[in-house]
Structures are given as C-alpha cells and as structure tokens.
Amino acid sequence: MPDRITHDILAEIVEIASDAVICMDATQHITFFNRGAEVIFGWTSEEIVGQRIETLIPERYRGSHARQVEEFGRSKVRARRMGERREIAGIRKSGEEFPAEAAISQVQQGDDVVYAVVLRDVTIRQRLEQRQRFLAEAGEKLASAFGSSETLTKVAQLAVPTIADGCILENRVGSGFLAGASAHVDPHIEAILDEICLAGARIPSKDHPLTEILNSRAHVLLQPSAASRLTVASASPSYLKAMTAMNPESALFLPLVAREQLIGALTLFRTHGSFDRDDVGFAEDLARLAALALDNARLHDTVRASLRARDEMVGVVSHDLRNPVAAVKMLSRMMLREQESGGAADRENIELIAQAAEQMDALIRDLLDVNRLDAGRLAIAAAPVDPSVLLTDSLQTLRPLVEEKGIDLDLQIETALPKVLADRERIQQTLSNLVGNAIKFSPPGSKIVVAVRSDREGAVISVLDSGTGIAVEHLPRVFDRYWQSSRTNRQGAGLGLAIAKGIVEAHGGRIWIESRPGEGTTASFTLPLAE
Ligand code: ADP
C-alpha cells in the first residue's frame, strides 16, 4: 500500500470506476468525463468536454439544477449528496432517461472553483425494488382472493399491464389445459380473449409451447413475431381468433407448479418487443406466487365443497330419516301396549313399520352411493348383456308399484338388439329410479312407456311418462344432488337422478331429460355396445 495516494493513482481509480465522474467549471461547462460516464451516458469524453452540463440533464430539470449548483457554490459547503429533496435523473445520448444517485463537491483551484460530480445509474436497482414491492403486494392481494377462479382473475389483473400487454391463465386438466382467466390492455382484445375462457379444454398440438411445458416444466420464450408460430399451433378456433387479434411480437409461457405438480400455465404476451432476462425472472416469480395461491385456493374450494356436502347430508339424514324413525317408534310402542293388554298386533301396523324400514334402507343406500361417487369408488362390474332381457327383468320388480297406482306400464323393445355392456344391478337401480320418478309424478290411469332401441352409441333406453312435467327453468338442475322442484310431499331425497347419472357415466354412457310441463317427461340414457 502506498502511504500517499499520488495524482497518478487517483487518476487510475477515477478511470476504472464504474460510476460516472464528471468535472465542470464555475460556468457549468464540462471539463472532465471518465470512462464510467462514457458508458452510462453514451457520449465520448471528446464529444462532451466543453459542453454545458445541461446536456446530461432531462429538460424539465435543467433550470432548477443550474440554480442549485450556483447555490451550492455560494454555500461554501465542501460536498453534498444530490437528490435529497427530489429524485434526480440523467439523460443518455440516445435520449433515454434514467434514475440516478449523485454527490457533488467543490474544490477551490486558485481563483476558480471546480465542481466534481460522482453519479450512479440506479435503473436496475430501482426496477428490482419496484418488482419486489409489486410481488409483496401481489402476495397480499392473492391471499385475500376467494376461491380458485377469483385467484386466476387476480393474477391476470396483476400481470397486465405490469409485465405484459395480455395474458391467459389456464388450469391443467389431464394432458390438456382449460382457460380460467385472461386480460389485455385493449378492452376489445380482452373481450376476444374471454371467449377462450368460455370454450372447453384444449389439448395443445405436439409443437405448441404448452406441450413443451407439460414435458419440461420450464418456461418457453417465443420471440419475436411469436404470432406466426402460435397461430399455426392453435388448436381451437377461439384461440386462433385471439392470437390473430392480439398479434403479439413475443410470448412467454410459464408453468404453474405447486407441490411438485404442474397445475396450470401462465402465458404472457407483448405486442411490441420481447422479454429480457430480468423480465423472465420477474415473470417466474409471479408464476411461483400464482401457483402457490391457486393451489391454496383449490384446497380451500375442496374443503368448502366437502363441508357443504357434509351439511347437506346431515340435513337429509336429520330430515328424511326422522319421519320413518318416528313412525317406527310410535307404531312399535302402540303394538307393545296392545300386547301388554292381551291384544294381538295389528297387521297394518306391522306393514307400516316394514315400509318405514324400507324407506330408511333406501335412503341410506342412496347416501352411501353418493359418497362412493364423490370418492370415485362407484365400482361397475360390466358384462355383455341382452338389453331386452335386462329390461324385462328389471321391470318385473317394479310392476306391483305401477299397478298399485293404477298406471299402465308398456315395454317397447326393438327386435334383434345387439348386446350392451352393463352392470345388471346398477342398471336395474337406474331404471328403478327413473320409473320410480315417472310413477311419482304421473296421475292414476296414465301410461308409462319404457323403450329400448339401438343407435350409433349403443342402446338408448327411455322412460316416458305423461305426468306433471318439469318447468324449463328447472331442467338444468334435475341432476343436481338434493334438488327437487318441490319440497312438499317429499318422497326421496333428490338423489335418484344424481346417482343415475353417476352410474350411467361410469358405464361410459350419457343421460338426459326432456320434458314439457303439463304433458310429461322422457328420461333417456345410453349403454355402450359390448364389442
Ligand atoms: P327425487 O325423486 O328423490 O326427488 P330425483 O333426483 O330422482 O330425486 O329427481 C329430482 C327432481 O326432478 C324431482 O324431485 C322432480 O322435481 C324432478 N323430476 C324427476 N323426474 C321427474 C318426472 N318424471 N316428472 C316430473 N318431475 C321429475
């Protein structure tokens, strides 16, 4: 270490400093411009020496800056940090402005004063600080989102316009993606992006970036003119329309990974320019935050759904089991009393007890089936069966019920039906639910027709009644659990159709209901062919 810093050493230090070191005279003309200043401002020392310091200051600050330097000169304070009262900024040769930090000192040289300024470009630091602040606020906002769909919407609103001009958020469903939220700076384009969210799930083509994400779980950056590759790789018409409308120059696809699972994707679009390394890092931080929030929201959704299911079940059990239990209690006490007083038990009462027990048994079976459906444990043991035999057998057990109500039951079977794949007991249960409903809602003296025919999908089985029918606005709800159009005269708990749907779908079939209020209802389902 030299014990005295010589002029040469000082000159060397100034030369290699990455900060800008600039000297000016009393008239504020530049007299010295180091290498660091050349890099920051883009001017060479040769070009700038002799010019006024103003050249390096954005126009709106020039007047106040000149006055402050004069004030400083008069103050006789040796050195001062600049920008204590307000932020300072520099301007590069290219015209680009940048935030800066600077200190100024004055040195008397003979009669003259020399000002030395040391200035640092803080663009990157400021950007990092802003981003950190943004991510902290984003974390808070996402934590307060309610449910997964609101979480997705909030992520989209956070991403646009902060980091992109447009964005799409998708949930992963198997090997495909289902759009859940989108945003764009242009409201017209945003409306077009919204259409993607209304379309169903899409399976990305082999060369689509989302396929790469499925395989690698790493981000994919497309630039520039990303649009051409995206429109070529667009599977659905709504996606193609959105890409054409947006016409992005670059696109950044980010995986949403939570608990080591790929749960979705965040895609960011820029109309002009691309994403630099900083942007990608920032977007990855946002995607991490989004994945965490989405995962939490989904867990929250699941917990709420199971709580709701539990409440509904408790409601049904307490309401629908209470009546038959009360009947059994009352009737059995009555019979005990009769026996104690030496009389014989009334046969009618025994029948009522048996009926109440049947009712409870049916309800418990339904609740257990719903529970199995929820847990994905409704086992189907399907085997090839002749649909006409299946139907004839199933209806045999229902005949007494129909006759009791004075209803005609007609079976219409197409000849030479091919065999279908069915779990006999479960299909019997389905038919008994559908015919049971037809009986419940049909007047005495009317007719119920059960028909089976073959079509492309397999066998189509229909149950037609000419009962009360279902109001148009109620049709979309008939397969919902616990739903009933009228709560009065409750027979059943509103689970029959939900279970029937579960059974038919587990067979790979479809179920649907058509109805005209006042005219009647037709419930139909398909069963797949055996081969
Ligand atoms: P439940 O029969 O126990 O009420 P379901 O799930 O079988 O439950 O049916 C749900 C509701 O759909 C019924 O309560 C009724 O309002 C309506 N519904 C079903 N089938 C028919 C039908 N054949 N005619 C009129 N309404 C029907």
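Rules of the game
Residues numbered from 1 in each chain as written. Predicted model: local features only at pLDDT ≥ 70, side-chain atom pairs only at ≥ 80, totals over all residues. Heavy atoms only, no water. Core = buried A, V, L, I, M, F, W, Y, C linked by side-chain atoms within 4.5 Å. Buried < 20%, exposed > 50% of the residue type's maximum accessible area, 1.4 Å probe, protein only. Helix = DSSP H or I, 4+ residues; strand = E, 2+ residues; numbered from the N terminus. Contact = heavy atoms within 4.5 Å. Pairing = 2+ DSSP bridges. Axes fitted to C-alpha atoms, helices over the stretch in contact; angles between N-to-C directions. Salt bridge = Lys/Arg side-chain N within 4 Å of Asp/Glu carboxyl O. Near = heavy atom within 4 Å. Polar contact = N/O pair within 3.5 Å; in protein donor to acceptor, adjacent residues only side chain to side chain. Areas by Shrake-Rupley, 256 points an atom, 1.4 Å probe, with all protein chains shown as cover. Nonpolar A, V, L, I, M, F, W, Y, C, P; charged D, E, K, R; others polar.

## Some words on the nonpolar core
Ile-427, Leu-431, Val-450, Val-463, Phe-525 and Leu-527 are the most contacted members of the largest nonpolar core, which totals 47 residues. Ranked by residues supplied to this core, first place goes to helix α15 (residues 424-440) with six residues. If we skip the residues at most four places from it in the chain, Val-450 touches Leu-391, Leu-395, Leu-409, Asp-410, Leu-411, Gln-412, Leu-431, Val-435, Ser-462 and Val-463. Val-155, Leu-158, Cys-167 and Ala-258 belong to the second-largest nonpolar core, a separate cluster that totals 33 residues.

## Points about the sheet that holds strand β9 (residues 220-222)
The sheet built from five strands is open, its strands ordered β8-β7-β11-β10-β9 with antiparallel pairing. The two strands at the open ends of the sheet, each matched to only one other strand, are β8 (176-184) and β9. Ignoring which end each strand starts from, the neighbouring axes of this sheet average 20° apart. Across the sheet, helix α11 (residues 277-320) is in contact with β7 (166-173), β9, β10 (250-258) and β11 (261-270); its angle to β10 comes to roughly 40°.

## Focus: the pattern of salt bridges
Enumeration according to the criterion identifies 28 salt bridges in this entry. Arg-60 is the partner of Glu-97 in a salt bridge, and the nearest nitrogen-oxygen pair spans 2.7 Å. Of the two residues, Glu-97 is situated in strand β5 (residues 97-109) and Arg-60 in the loop between α3 (45-48) and α4 (62-75); the sequence distance between them amounts to 37 residues. The class of Glu-97 is partly exposed, set by a relative accessible area of 35%. Given a relative accessible area of 55%, Arg-60 falls into the exposed group. Because the salt bridges share partners, they merge into one network encompassing Arg-92, Glu-96 and Asp-121.

## Regarding the pairing of β10
Counting buried positions over the nine residues of β10 gives eight, a clear majority of the element. Relative to β10, β9 runs antiparallel, the two being bridged by three bridges. Across the sheet, Leu-222 pairs through a bridge with Ala-251, a residue of β10. Of the pairings in the sheet, the one linking β10 to β11 comprises nine bridges and is antiparallel in character. Across the sheet, the residue bridging to Phe-253 is Thr-267, located in β11.

## As for the site of the ligand
Neighbouring the ligand are 19 residues; Asn-437, Lys-440, Gln-484, Gly-494 and Leu-497 lie closest to it. Here an oxygen atom of the ligand sits 2.8 Å away from a polar atom, N or O, in the main chain of Gly-494. In the complex, the protein chains occlude 95% of the 530 Å² of accessible area that the ligand would expose alone. Elements with a minimum of two residues in the shell around the ligand: α15 and α16 (496-506). Broken down by class, the residue content of the shell around the ligand amounts to seven nonpolar, ten polar and two charged.

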